[in-house]
Amino acid sequence: GAGVSQSPRYKVAKRGQDVALRCDPISGHVSLFWYQQALGQGPEFLTYFQNEAQLDKSGLPSDRFFAERPEGSVSTLKIQRTQQEDSAVYLCASSLDETGTYNEQFFGPGTRLTVL
Amino acid sequence: GDSVTQMEGPVTLSEEAFLTINCTYTATGYPSLFWYVQYPGEGLQLLLKATKADDKGSNKGFEATYRKETTSFHLEKGSVQVSDSAVYFCALRRQGAQKLVFGQGTRLTINP
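Residues numbered from 1 in each chain as written. Chains lettered and ligands numbered in written order. Predicted model: local features only at pLDDT ≥ 70, side-chain atom pairs only at ≥ 80, totals over all residues. Heavy atoms only, no water.

S.K.: What should I look at first to understand the packing of aromatic side chains in this one?
M.R.: In this description, a pair of aromatic rings is defined by centroid distance and the angle of the planes. According to the stated counting rule, one finds 12 aromatic pairs over all chains in the structure shown. Note on Tyr35(A) and Phe107(A): the rings are 5.6 Å apart at their centroids and 45 degrees apart in plane angle, and the pair reads as tilted. Highlighted residues: Tyr35(A) in strand E4 (residues 31–37) and Phe107(A) in strand E10 (residues 106–107), separated in sequence by 72 residues. Both residues of the pair, Tyr35(A) and Phe107(A), belong to the buried class. Summarising the aromatic geometry, the rings of Tyr25(B) and Tyr66(B) are spaced 6.1 Å apart at their centres and angled 85 degrees between planes, so their arrangement reads as edge-to-face. (Phe/Tyr/Trp six-rings, centres within 6.5 Å; stacked < 30°, edge-to-face > 60°. Helix = DSSP H or I, 4+ residues; strand = E, 2+ residues; numbered from the N terminus. Buried < 20%, exposed > 50% of the residue type's maximum accessible area, 1.4 Å probe, protein only.)

Shown next, in the form of structure tokens:
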């Protein structure tokens, strides 16, 4: 596709429910990132993939958060037993990861998660 | 750890006014510095970047200079337009790292 797409765009969950957020990166992009953006704040890094390998998950706030990219393309961020503090916009970004050049991260529109 | 601090918003200006949004950072080594913009209803977009000290990034009339001595990367524009109304984020990427570290964002509103 032309850009990074995310689905759903909006998700409302009851506390304790599990949710799955999907990211379709730009075709051919090697690197994929997830960020969490709380209301009125800047995005905060969650995790990073290079192809199917999850190279950095240092930003995941708890073991309720899990991300995967099994075929090196589409990625899913799963949040188990959602809590109110998980309410945020979840941003996905991808980059080409070409050696020797600056690799711009292209962001998707985000999924706004509201936990009631 | 690495961090980015932006001036508090919101900022409201009249069309054709001069804009400065301050950004300072804390990081080891020589990070790359960025300004991202989020227009209403749209995703984050890269506005400009600088990868080493004294570099000046520029785009769409906006400029920012990487100042190592003051650890700053202030965003400036000489004459703003209504279409510049958006949220602006300063960010850094540590040398050798992949992730971006963002400031809290500054909401800019330009009145005609």
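Structure's up, so let's keep going.
S.K.: Hey, could you run me through the sheet that holds strand E7 (residues 56–59) of chain B in this one?
M.R.: In sheet architecture, strand pairing relies on hydrogen bonds along the backbone and comes in two forms, parallel and antiparallel. Residue and element names in this part refer to chain B. With antiparallel pairing, the four strands of this open sheet are ordered in space as E3-E9-E8-E7. Of all the strands in the sheet, the pair left with one neighbour each is strand E3 (19–21) and E7. Strand-to-strand twist across the sheet, computed as the mean angle between neighbouring axes with direction ignored, equals 20 degrees. Where E7 and strand E8 (residues 62–65) come together, four bridges link them in antiparallel fashion. Looking across to E8, one finds that Asn59 is bridged to Phe62. (Pairing = 2+ DSSP bridges. Axes fitted to C-alpha atoms, helices over the stretch in contact; angles between N-to-C directions.)

S.K.: How do you make sense of the pairing of strand E7 (residues 65–68) of chain A when you look at a structure like this?
M.R.: Across a regular strand the side chains alternate sides, sitting on one face of the sheet and then on the other. All names here are of chain A. Alternating positions in E7 separate cleanly, Phe65 and Ala67 being buried on one face and Phe66 and Glu68 remaining unburied on the opposite face. Pairing of E7 with strand E8 (residues 75–79) involves four bridges; the strand directions are antiparallel. Looking at E8, one finds that Glu68 is bridged to Thr76.

S.K.: How do you make sense of the pattern of salt bridges when you look at a structure like this?
M.R.: Opposite charge on two side chains makes pairing possible when the charged atoms of those side chains draw close. All names here are of chain B. According to the stated counting rule, one finds seven salt bridges over all chains in the structure shown. Among the ionic pairs, Arg94 bridges to Asp2, the shortest N-O distance being 3.0 Å. With a gap of 92 residues between them, Arg94 in the loop between strand E10 (86–93) and strand E11 (101–102) and Asp2 in the segment before strand E1 (3–6) connect regions that are remote in the sequence. The class for Arg94 is partly exposed, based on a relative accessible area of 38%. Between Lys77 and Asp84 there is a salt bridge, with its nearest N and O atoms 2.8 Å apart. For the residue pair Lys77 and Asp84, the accessibility class agrees, reading buried in each case. (Salt bridge = Lys/Arg side-chain N within 4 Å of Asp/Glu carboxyl O.)

S.K.: What exactly am I supposed to notice about the sheet that holds E8(A) here?
M.R.: Residue and element names in this part refer to chain A. Read from one edge to the other, the open sheet built from four strands follows the order E1-E3-E8-E7, with strand pairing classed as antiparallel. Edge strands, defined here as strands with exactly one partner in the open sheet, are strand E1 (5–7) and E7. Across the sheet, the mean angle separating the axes of adjacent strands is 15 degrees when strand polarity is ignored.

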